[in-house]
Amino acid sequence: MASSRAARVRREATVALRTEARWLATHRSVRTLSQVQARRGLPLARLMVDPRARANPYPCHEQIRAYGRLVKTPLMSVTVDHALVSGILRDQRFGVAIGDAGGLPSVVSWAFRSPDPNVASVVDKPSLLAVDPPEHTRYRRLVSRPFTPKALRSVAERVESRAVELLDGLEGREVVDIVAEYASQLPVAVISEILAVPEDMHQQFLEWGNTLVPVLDIGLTHREYRNVLRGERQLNDWFDGHFEKLRREPGDDILSQLVNADPDDRLSDVELRATAILLLGAGFETTVNLLGSGVDVLSGNEKARERLAADPAMWPQAVEELLRFESPVQLTGRVCREDAEVDGVEIARGTAIICLLGGANRDPDVFADPATYDLDRPNSKEHVAFSGGVHYCLGANLARMEGEIGLRLLFERFPDLRVIGGTRRDLQTLRGYESLVVALRG
């Protein structure tokens, strides 16, 4: 008894130490350095610490582009070059497992490890976002089935019916927050079916999502960081109870299948929680940001709305151009695991690189007049909004489908919808609206 209590105390002390080390290494130090460099005008640093730069990141992207294809900064290397970003994302010499990349000081590698291996997070192993092949290959194989185009054809009908229900609820209203009452409600309902989450938990999942989403950023304050950890533990605890229920009463959803899989190919509880949390993010965050930005962009573009009303077959192209023009995910990180050359650029082992997806999607060498939303753009699909390579977004097909259906039905029902106010989410990695107030009848 005494020995087990002592072991628990040691474990808790280790977790506490790792937690503070992680914050110091990935947040406090970066935030402090960014504040200094931002005062000197460094554009990457401004994106880290200046809310005004995050609200409109594109001028910073162009400043970075002017410095060169791969720009070394006191923070890390950064690129907005479309060809270079595409090459790095598809090159297996670059990985997401920063602590395993090599070339980093041992204390930094130690700090990048999960503070508590029993608490799953989207940014720590065994999350798909934090592991490289072969672990990544196994996890992705197990969870990709509900996101294939074939599987999503059966989901489209449910997306449309849920969208109609939500729009029916808006009838008779003059002014609404379209994010709170539509753009967030649609994807959370769909992903909840995949995860067998009861309807009375939808609002709680939205609140957890808002709490956890800053974990994708760096430079968090201590309060923000602790708030994220608290939300992670709450969600981990809820999923543990949910798994037990699915073991007793399995359904035909993907999570029931994972929980009750063959013992020889079954995920551990931590792996299950990491997978479920990632599925929640993959099926929700990209879509809610895409829908919100789509409402904003299209409500101010009468010509595009008229063309889409006349020819609904153009909606897939409209969504591809939205993904390019206002990328829901603005950046992703990679570490070079060996000396490499990508598209003529030499990159040393251990180099940490921020790939600014939103900047790459406005590269003038690839997209003519990139700051214009253009329904006739012939190469909109060349965007990198969903990343690339083995880490291509798991929820890409779901986001596209929900974006097409959700925006089409919204503008068919309220063709004169007009944005009258809004607040952007103050985040580095994700770009979207926290609230978007619209007049439904113009």
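For the structure itself, look to the data block above.
Residues numbered from 1 in each chain as written. Predicted model: local features only at pLDDT ≥ 70, side-chain atom pairs only at ≥ 80, totals over all residues. Heavy atoms only, no water.

K.L.:
Please explain the overall build of the chain as it appears in this structure.
P.N.:
Broken down by element type, the chain carries 18 helices and 10 strands. Over its C-alpha atoms the chain spans a radius of gyration of 22 Å, differing by no more than 12% from the 22 Å that the globule rule assigns to 442 residues. Seen through its C-alpha atoms, the chain measures out along the principal axes to roughly 70 × 60 × 35 Å. Looking at the 442 residues of the chain, the share that counts as buried comes to 56%. Nonlocal contacts in the chain, meaning residues at least 24 apart in sequence, comprise 72% of its contacts between residues at least 6 apart. Taking the 56 positively charged and 62 negatively charged side chains of the chain as two groups, their mean positions are separated by 6 Å. (Helix = DSSP H or I, 4+ residues; strand = E, 2+ residues; numbered from the N terminus. Rg over C-alpha atoms; globule rule 2.2 N^0.38 Å. Buried < 20%, exposed > 50% of the residue type's maximum accessible area, 1.4 Å probe, protein only. Contact = heavy atoms within 4.5 Å. Lys, Arg positive; Asp, Glu negative; His and termini not counted. Charge placed at Lys NZ, Arg CZ, Asp CG, Glu CD.)

K.L.:
How should helix H14 (residues 269–299) be read in this particular structure?
P.N.:
A turn of α-helix holds 3.6 residues, and therefore any two residues three or four places apart point the same way. Spanning 31 residues, H14 covers 45 Å between terminal C-alpha atoms, matching the ideal 45 Å at 1.5 Å per step. With 28 of 31 residues buried, H14 lies mostly within the body of the structure. (Expected span 1.5 Å × (residues − 1).)

K.L.:
Looking at this model, I keep getting lost on empty space enclosed by the protein. Mind explaining?
P.N.:
It is a probe the size of a water molecule, rolled over the atoms, that shows where empty space is left. Here the structure, examined in full by the defined rule, presents one cavity of 30 Å³ or more. Empty space within the largest cavity amounts to approximately 30 Å³. For the largest cavity, the full set of lining residues is Pro126, Ser127, Leu128, Tyr139, Ala274, Thr275 and Leu278. When residues in the lining of the largest cavity are grouped by element, the largest group, three residues, is from H14. Here the lining of the largest cavity is built from residues that sort into five nonpolar, two polar and no charged. (1 Å grid on protein atoms, 1.4 Å probe; cavity = no way out; pocket = protein on both sides within 12 Å on 5 of 7 lines; lining within 4 Å. Points joined across faces, edges and corners; volume = space filled by probe spheres on them. Nonpolar A, V, L, I, M, F, W, Y, C, P; charged D, E, K, R; others polar.)

K.L.:
What's the story with the nonpolar core in this structure? I'm lost.
P.N.:
Nonpolar side chains tend toward joint burial in soluble globular proteins. Formed by 94 residues in total, the largest nonpolar core has its most connected members in Ile178, Tyr182, Phe205, Phe239, Leu255, Tyr373 and Leu410. One finds Ile88, Val329, Leu357 and Leu427 within the second-largest nonpolar core, a separate group that totals 20 residues. (Core = buried A, V, L, I, M, F, W, Y, C linked by side-chain atoms within 4.5 Å.)

K.L.:
Would you mind going over the environment of proline 57 with me for this structure?
P.N.:
With respect to the helices and strands, the residue proline 57 is situated in the loop between helix H3 (51–55) and helix H4 (58–67). A relative accessible area of 4% means that proline 57 is categorised as buried. Residues proline 57 and proline 43, 14 residues apart in the sequence, show an inter-C-alpha distance of 9.2 Å.

K.L.:
Sorry, what's going on with a negative patch on the surface here?
P.N.:
A contiguous patch of negative charge, built from Glu338, Asp339, Glu341 and Glu346, is present on the exposed surface. Structurally, the position occupied by glutamate 341 is in strand S6 (residues 340–342). On the basis of relative accessibility, which here comes to 44%, the residue glutamate 341 falls in the partly exposed class. (Patch = residues over 30% accessible without salt bridge, like charges linked within 9 Å, V, L, I, M, F, W, Y side chains within 5 Å. Areas by Shrake-Rupley, 256 points an atom, 1.4 Å probe, with all protein chains shown as cover. Salt bridge = Lys/Arg side-chain N within 4 Å of Asp/Glu carboxyl O.)

K.L.:
Help me understand the packing of aromatic side chains, please; the structure alone is not making it clear to me.
P.N.:
To describe a pair of aromatic rings, you give the distance between the ring centres and the angle between the ring planes. Under the counting rule described, the total for this entry stands at eight aromatic pairs. On the numbers, 5.6 Å between centres and 70 degrees between planes, the contact of phenylalanine 205 with tryptophan 208 is edge-to-face. Taken as a pair, phenylalanine 205 and tryptophan 208 lie in helix H11 (residues 202–212) at a separation of three residues, close to a single helical turn. One exposure class covers both phenylalanine 205 and tryptophan 208, and it is buried. Ring geometry for phenylalanine 205 against phenylalanine 239: centres 6.0 Å apart, planes inclined by 85 degrees, an arrangement best described as edge-to-face. Linking phenylalanine 205 in helix H11 with phenylalanine 239 in helix H12 (residues 222–248), this pair joins segments that are 34 residues apart in sequence. By the ring-pair criterion, three or more aromatic residues cluster together here, those being Phe205, Trp208, Trp238, Phe239 and Phe243. Here arginine 362 stacks its cationic end above the ring of phenylalanine 325, 4.3 Å away from the centre of that ring. (Phe/Tyr/Trp six-rings, centres within 6.5 Å; stacked < 30°, edge-to-face > 60°. Lys NZ or Arg CZ within 6 Å of the ring centre and 35° of its normal.)

K.L.:
When you look at helix H15 (residues 302–310) in this model, what are you seeing that I'm missing?
P.N.:
Every buried residue of H15 is listed here: Ala304, Arg305 and Leu308. For H15, the angular spread of buried residues about the axis comes to 100 degrees, placing them on one side. More than 90 degrees from the buried face of H15, the exposed residues found are Glu302, Lys303, Ala309 and Ala310. Elements in contact with the buried residues of H15: H14, helix H16 (315–325) and helix H18 (396–413). (Arc of directions from axis to C-beta.)

K.L.:
Please clarify how a nonpolar patch on the surface should be interpreted in this entry.
P.N.:
Nonpolar side chains collect at one region of the surface, where Val123, Leu129 and Leu216 lie side by side and expose about 200 Å² of accessible area between them. Structurally, the position occupied by leucine 216 is in the loop between H11 and H12. Using a relative accessible area of 31% as the deciding quantity, one classes leucine 216 as partly exposed.

K.L.:
I would appreciate a short explanation of the layout of surface pockets in the present structure.
P.N.:
Approximately 580 Å³ is the volume found for the second largest pocket. Lining the second largest pocket are 29 residues; nearest its centre among them are Val213, Arg425, Asp426, Leu427 and Glu434. For the lining of the second largest pocket, the elements supplying multiple residues, two or more each, are helix H2 (43–49), helix H9 (178–183), H11, H14 and strand S10 (433–439). Considering every element that reaches the lining of the second largest pocket, the biggest residue donor is H11, with four residues. Here the lining of the second largest pocket is composed, by residue class, of 13 nonpolar, seven polar and nine charged.

K.L.:
Looking at this structure, how should I read the sheet that holds strand S3 (residues 94–95)?
P.N.:
With respect to topology, five strands assemble into an open sheet ordered S1-S2-S8-S5-S3, the strand pairing being mixed. Of all strands in the sheet, those with a lone pairing partner are strand S1 (71–72) and S3, marking the two edges. As judged from the five bridges shared by strand S5 (residues 331–336) and strand S8 (residues 352–356), these two strands associate in the antiparallel manner. When the bridges of S8 are listed, glycine 333 appears paired with isoleucine 354. (Pairing = 2+ DSSP bridges.)

K.L.:
Hey, could you run me through the pairing of S5 in this one?
P.N.:
Strand residues, when the strand is regular, have side chains that alternate between the two faces of the sheet. Within S5, five of the six residues are buried, which leaves the element mostly enclosed by the surrounding structure. For S3 and S5, the ladder comprises two bridges, and the chain directions are antiparallel. Within S5, the residue paired with phenylalanine 94 across the bridge is cysteine 336.

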